[in-house]
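# Close look at the chain arrangement
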Amino acid sequence: QVQLVESGGGLVQPGGSLRLSCSASGSMFSIYGMGWHRQAPGKQRELVAGISSGGSTNYADSVKGRFTISRDNAKNTVYLQMNSLKPEDTAVYYCNADIHTIVPLRRKDYWGQGTQVTVSS
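Anyway, here's the lowdown on the structure attached to this text. (Residues numbered from 1 in each chain as written. Predicted model: local features only at pLDDT ≥ 70, side-chain atom pairs only at ≥ 80, totals over all residues. Heavy atoms only, no water.)

## Focus: the sheet that holds strand S7 (residues 67-72)
What the four strands build is an open sheet, ordered S1-S3-S8-S7; its pairing is antiparallel. Strand pairing shows two members of the sheet lacking a second neighbour, strand S1 (3-7) and S7, which therefore form its edges. Going from strand to strand, the sheet's axes swing by 15° on average, the running direction of each strand aside. (Pairing = 2+ DSSP bridges. Helix = DSSP H or I, 4+ residues; strand = E, 2+ residues; numbered from the N terminus. Axes fitted to C-alpha atoms, helices over the stretch in contact; angles between N-to-C directions.)

Below, the structure written as structure tokens:
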């Protein structure tokens with residue numbers, strides 16, 4: 001059974017920074033793309049940033065220049081460094097990963113449980 005466990009959320013003042021982490025564990029053959037999404041109250045879940053297995057990245061326009069996604073393949077972990085945070089960044093942040101598992105032998109998208117990020121003075 002594969003699990004994605006997120007950490008690093010919390011309360012921060014506008015202009016502050018947070019670093020989110022998401023680690024995958026379980027019987028895995030390979031991890032392909034990984035990413036972060038967020039969902040604010042009353043809004044649809046949206047992609048924040050994604051990173052391929054080769055390190056190519058993409059970002060939502062609203063976070064370009066402020067957020068940085070990275071991954072450590074040896075640790076099966078993806079990170080989201082969030083700087084210059086704004087109140088509109090307040091949301092539950094979810095990580096996801098495209099994983100090929102060994103048992104059962106299949107490839108599917110997995111999601112973490114979510115971590116709350118609140119930007120407020």
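There's plenty left to go through after this.
## Remarks on the packing of aromatic side chains
Evaluation of the coordinates by the stated rule reveals zero aromatic pairs. Sitting above the plane of the Tyr79 ring, Arg19 keeps its charged end 4.1 Å from the centroid. Positioned above the aromatic ring of Tyr94, the side-chain terminus of Arg45 is 3.8 Å from the ring centre. (Phe/Tyr/Trp six-rings, centres within 6.5 Å; stacked < 30°, edge-to-face > 60°. Lys NZ or Arg CZ within 6 Å of the ring centre and 35° of its normal.)

## Focus: the nonpolar core
Taken as a class, soluble globular proteins show a tendency for nonpolar side chains to be buried jointly. Core analysis: the biggest nonpolar cluster contains 31 residues, and Trp36, Leu80, Met82, Tyr93 and Ile99 have the highest contact counts within it. When contributions to this core are tallied by element, the ones reaching two or more residues are strand S3 (18-25), strand S4 (28-39), strand S5 (46-51), S7, strand S8 (77-82), strand S9 (91-101) and strand S11 (115-119). Among the elements that take part in this core, S9 stands out by supplying five residues, more than any other. Residues in contact with Met82, not counting those within four places in the same chain, are Gly16, Ser17, Leu18, Leu20, Arg66, Phe67, Tyr93 and Val117. (Core = buried A, V, L, I, M, F, W, Y, C linked by side-chain atoms within 4.5 Å. Buried < 20%, exposed > 50% of the residue type's maximum accessible area, 1.4 Å probe, protein only. Contact = heavy atoms within 4.5 Å.)

## A short note on the pairing of S4
The pairing of S4 with S9 spans nine bridges and is classified as antiparallel. Residue Gly35 lies in a different strand from S9, and its bridge partner there is Asn96. Note: S4 against S5, five bridges, orientation antiparallel. Bridged to Gly35 within S5 is Gly50.

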